[in-house]
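A structural walkthrough
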Amino acid sequence: MNDSILPHLNAALNGASFLLLLAGFYQIRRGNVSAHRACMVSALAVSGLFLVSYVIYHSRYGSVRFTGQGTVRTVYFIILVTHVVLAAAIVPLVFLTAKRALSGDFARHRRVARWTYPLWLYVSVTGVVVYFMLYQFYRPQ
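Small disclaimer: the values here were computed from a predicted structure and weren't measured. Counting starts from 1 at the beginning of each chain's written sequence and moves along it residue by residue. The predicted nature of this model means local features are confined to residues of pLDDT at least 70 and side-chain atom pairs, given and counted, to a pLDDT of 80 or more, with totals for whole chains, interfaces and linings taken over all residues. As a rule here, side-chain values cover all heavy atoms of the structure and leave hydrogens and water aside.

To describe two helices that pack against each other, one gives the angle between their axes and the distance between the axes. The geometry of helix α2 (residues 33-61) relative to helix α4 (residues 106-137) is characterised by a closest axis approach of 13 Å and an angle of 45° between their N-to-C directions. Classified by the angle their axes make, α2 and α4 are oblique. The chirality of how α2 crosses α4 is left-handed. Facing His36, Met40, Ala43, Leu44, Ser47 and Tyr57 of α2, the residues of α4 in contact are His109, Trp120 and Tyr135. Simply put, an axis is a line fit to the C-alpha atoms, just over the touching stretch for a helix, and the angle between two N-to-C directions goes from 0 to 180 degrees. The helix count covers DSSP runs of H or I at least four residues long, the strand count covers runs of E at least two residues long, and both are numbered beginning at the N terminus. Oblique is the label for any angle not under 35 degrees, not over 145, and not in the 65 to 115 range, which are roughly parallel, roughly antiparallel and roughly perpendicular in turn. Handedness of a crossing is defined here by the sense of rotation of the near helix relative to the far one, left-handed for an anticlockwise turn of less than a right angle and right-handed for a clockwise turn. Two residues form a contact once any of their heavy atoms are found within 4.5 Å.

It is worth spelling out a positive patch on the surface at this point. Patches were defined on residues exceeding 30% relative accessible area and lacking a salt bridge, with like-charge contacts within 9 Å and nonpolar side-chain contacts (Val, Leu, Ile, Met, Phe, Trp, Tyr) within 5 Å. Residue exposure ignores everything except the shown protein chains as possible cover, and the areas themselves are Shrake-Rupley values with a 1.4 Å probe. One speaks of a salt bridge when a side-chain nitrogen belonging to Lys or Arg is within 4 Å of a carboxyl oxygen belonging to Asp or Glu. When charges are counted, neither His nor the chain ends are considered; positive counts come from Lys and Arg and negative counts from Asp and Glu. Positions of charges follow a simple convention, taking NZ of Lys, CZ of Arg, CG of Asp or CD of Glu. Residues Arg29, Arg110, Arg111 and Arg114 make up a contiguous surface patch of positive charge. Per element, the largest residue contribution to the positive patch is three residues, and it comes from α4.

Buried Ala, Val, Leu, Ile, Met, Phe, Trp, Tyr and Cys residues that are joined via side-chain atoms within 4.5 Å together make up what is termed a nonpolar core. Exposure classes here rest on a 1.4 Å probe applied to the protein chains alone. A residue is buried below 20% of its type maximum, exposed above 50%, and partly exposed in between. One finds Leu6, Ala11, Tyr57, Phe66, Tyr76, Ile79, Val130, Tyr131, Met133, Leu134 and Tyr135 forming the largest nonpolar core, which totals 11 residues. Breaking this core down by element, the ones donating at least two residues are α1 (6-29), α3 (71-102) and α4. Tyr131 has contacts with Pro7, His8, Ala11 and Gln136, leaving out every residue within four places of it along the chain. Grouped together as the second largest cluster of nonpolar side chains are nine residues, Leu21, Ala43, Tyr117 and Leu121 included.

The geometry of α1 relative to α4 is characterised by a closest axis approach of 9 Å and an angle of 150° between their N-to-C directions. Classed by the angle they form, the pair α1 and α4 counts as roughly antiparallel. Seen from above, α1 lies across α4 with left-handed handedness. In this structure, α1 uses Pro7, His8, Ala11, Asn14, Gly15, Ser17, Phe18, Leu21, Leu22 and Phe25 to contact α4, whose residues at the interface are Tyr117, Trp120, Leu121, Val123, Ser124, Val125, Gly127, Val128, Tyr131, Tyr135 and Gln136.

On the surface, a cluster of nonpolar side chains totalling about 220 Å² of accessible area is made up of Phe25, Ile28 and Val33. Structurally, the position occupied by Phe25 is in helix α1.

Here we take up the layout of surface pockets. Here the largest pocket defines a volume of roughly 860 Å³. Within this scheme a cavity is a closed region of a 1 Å grid, computed over the protein atoms alone, that accommodates a 1.4 Å probe without allowing it to escape, whereas a pocket is open but has protein on both sides within 12 Å along at least five of seven lines; lining residues each have an atom within 4 Å of a point. Considering the residues around the largest pocket, the lining is formed by 36 residues, among which Asn14, Phe50, Tyr54, His83 and Ala87 are closest to the centre. Put simply, the parts of the chain that give the lining of the largest pocket at least two residues each are α1, α2, α3 and α4. The element best represented in the lining of the largest pocket is α3, accounting for 12 residues. Looking at the lining of the largest pocket residue by residue, the classes come out as 25 nonpolar, nine polar and two charged. Grid points are joined across faces, edges and corners, and a volume is the space filled by probe spheres set on the points. What the second largest pocket holds in volume is close to 740 Å³. Elements supplying a minimum of two residues to the lining of the second largest pocket: α1, α2, α3 and α4. When residues are sorted by character, Ala, Val, Leu, Ile, Met, Phe, Trp, Tyr, Cys and Pro go into the nonpolar class, Asp, Glu, Lys and Arg into the charged class, and all the rest, Gly among them, into the polar class.

Set out below in structure tokens:
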């Protein structure tokens, strides 16, 4: 196993994104648009930092083999595949959602945010789950 801190950083960034998304939703439900905007812009920035860190890590170290066996291996790959597919899909959705909000098109922003928000939450939380399964519970040798 390599000694990079980047997987830990990546998990922390995914966790931070998840918490910022929850806070942003809470704020908009309370009608606090400026706090919502700050949370969502922060979630976007943290996710951007994650993406940079992720690319750097995988360009240096490649893929890490999951060592779990049996049912947990199946569960891991179901989580991983859905995470990766939705992570690719979420990028344009996030930008579309942000673009509509920043342009003041709030009706269309809300319509797309109803899809973007739960998917982004899922991608963020499953990123943390993948980290724990891969680097903590079933550590590579």
